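One letter stands for each residue in the lines below.
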Amino acid sequence: MPTYAHRCPVCGEFDQVRPMAESDLAARCPDCGSPSARVFGAPALAALDPGMRRALDVSGASADAPGVVGSVPGRHRRANPVTTDPRHARLPRP
Ligand SMILES: [Zn+2]
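Sequence order as written defines the numbering, with residues in each chain counted from 1. In keeping with the model being predicted, local features are shown solely for residues with a pLDDT of at least 70 and side-chain atom pairs are shown and tallied solely at 80 or more, while totals for entire chains, interfaces and linings include all residues. Hydrogens and waters are ignored; side-chain quantities use all the structure's heavy atoms.

Draft legend 1. Looking closely at the overall build of the chain. Scanning the chain from N- to C-terminus turns up one helix and four strands. Going from the N terminus to the C terminus, the chain shows its helices and strands as β-β-β-β-α. Taking 2.2 N^0.38 as the reference for a compact globule, 94 residues should give roughly 12 Å; the C-alpha atoms of the chain span a radius of gyration of 29 Å, well beyond that estimate. Residues count as neighbours in contact if any of their non-hydrogen atoms are within 4.5 Å of one another. Long-range contacts, defined as pairs at least 24 residues apart, comprise 26% of the intrachain contacts of the chain with a sequence gap of at least 6. Values of accessible area rely on a 1.4 Å probe in the Shrake-Rupley scheme; residue burial ignores everything except the protein chains shown. When the accessible surface of the chain is summed, it comes to about 8,200 Å², and 58% of that surface belongs to carbon and sulfur atoms. On the chain, the mean spot of the 12 positive side-chain charges and the mean spot of the 9 negative ones are 20 Å from each other. Only DSSP runs of H or I with at least four residues qualify as helices, and only runs of E with at least two residues qualify as strands; both kinds are numbered from the N terminus onward. This radius of gyration counts C-alpha atoms alone. The globule rule is 2.2 Å times how many residues there are, raised to the power 0.38. Positive charges are assigned to Lys and Arg, negative charges to Asp and Glu, while His and the chain termini are left out of the count. Note on charges: their place is set at NZ of Lys, CZ of Arg, CG of Asp or CD of Glu.

Draft legend 2. Broad picture of the pairing of strand E4 (residues 35-39). Paired strands, as defined in this entry, are two strands with at least two bridges between them according to DSSP. Of the pairings in the sheet, the one linking strand E1 (residues 3-8) to E4 comprises three bridges and is antiparallel in character. Residue pairing across strands places Ala 5 opposite Val 39, the latter belonging to E4. Inspection of the sheet shows strand E3 (residues 27-28) paired to E4 by two bridges, in the antiparallel sense. For Ala 27, the partnering residue across the bridge sits in E4 and is Ser 36. Between E3 and E4, which pair antiparallel in sequence order, lie six residues; one of them, Gly 33, sits at a positive phi of approximately 85°.

Draft legend 3. Looking closely at the coordination of the zinc ion. Coordination of the zinc ion by the protein comes from Cys 8 (SG), Cys 11 (SG), Cys 29 (SG) and Cys 32 (SG), over a distance range of 2.3 to 2.4 Å. Donors, by definition, are the N, O and S atoms found within 2.8 Å of a metal, the threshold being 3.2 Å for Na, K and Ca, and water is not counted, so a site can look incomplete. Think of it this way: with four donors and all angles in the 85 to 135 degree range, the site is tetrahedral; with four or six donors, opposite ones beyond 155 degrees and the rest between 65 and 115, it is square planar or octahedral; otherwise it is irregular. For the zinc ion, the four donor atoms are set out with angles of 101 to 115° between them, so the coordination reads as tetrahedral. Between the donor residues of the zinc ion, the gaps in sequence give the motif C-x2-C-x17-C-x2-C. Residue Cys 8 is found in strand E1, and its partner Cys 32 is found in the loop between E3 and E4; the two are separated by 24 residues along the sequence.

Draft legend 4. View of the side chain of His 6. Examined against the element boundaries, His 6 turns out to sit in strand E1. Setting aside its immediate chain neighbours within four residues, His 6 contacts Gly 12, Glu 13, Phe 14, Gln 16, Arg 18, Leu 25, Ala 27, Ser 36, Ala 37, Arg 38 and Val 39.

Draft legend 5. The environment of Arg 28, seen in detail. The residue Arg 28 is located in strand E3 in this model. On the basis of relative accessible area, Arg 28 is assigned to the exposed category, the value being 54%. Spatially, the C-alpha atoms of Arg 28 and Gly 12 are 12 Å apart, while their sequence positions differ by 16 residues. If sequence neighbours within four positions are ignored, Arg 28 has contacts with Phe 14, Gln 16, Gly 33, Ser 34 and Pro 35. Polar contact criterion, stated in full: a pair of N or O atoms within 3.5 Å, where within protein one must be able to donate a hydrogen and the other to accept it, and residues adjacent in sequence count only if both atoms are side-chain atoms. Among the polar contacts listed, one links the side chain of Arg 28 to the backbone oxygen of Gly 33, at a separation of 3.0 Å. Only protein chains enter the accessibility calculation, which uses a 1.4 Å probe; a residue whose area is less than 20% of its type maximum is buried, one above 50% is exposed, and one in between is partly exposed.

The following block contains the structure:
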């Protein structure tokens, strides 16, 4: 179950683990019992692995403005590999 942040008008903010179906309902403050509205904050992106964060940034950037490439990515080999075996020179050519 996800954790939702709420703000009690008397005690301040608190977190509560609730089912998603109850996410829109007002929560009761665990200290004073006052109805408390849900607080929306930024997701905890700082806790992400730096490599994962970079991958998400690149993915998000390429979704808006895809990069233009001159060749198929990941293909750095020659189409016809060069060989030093002299018998290969006698093979039929197209
Ligand atoms: Zn309270």
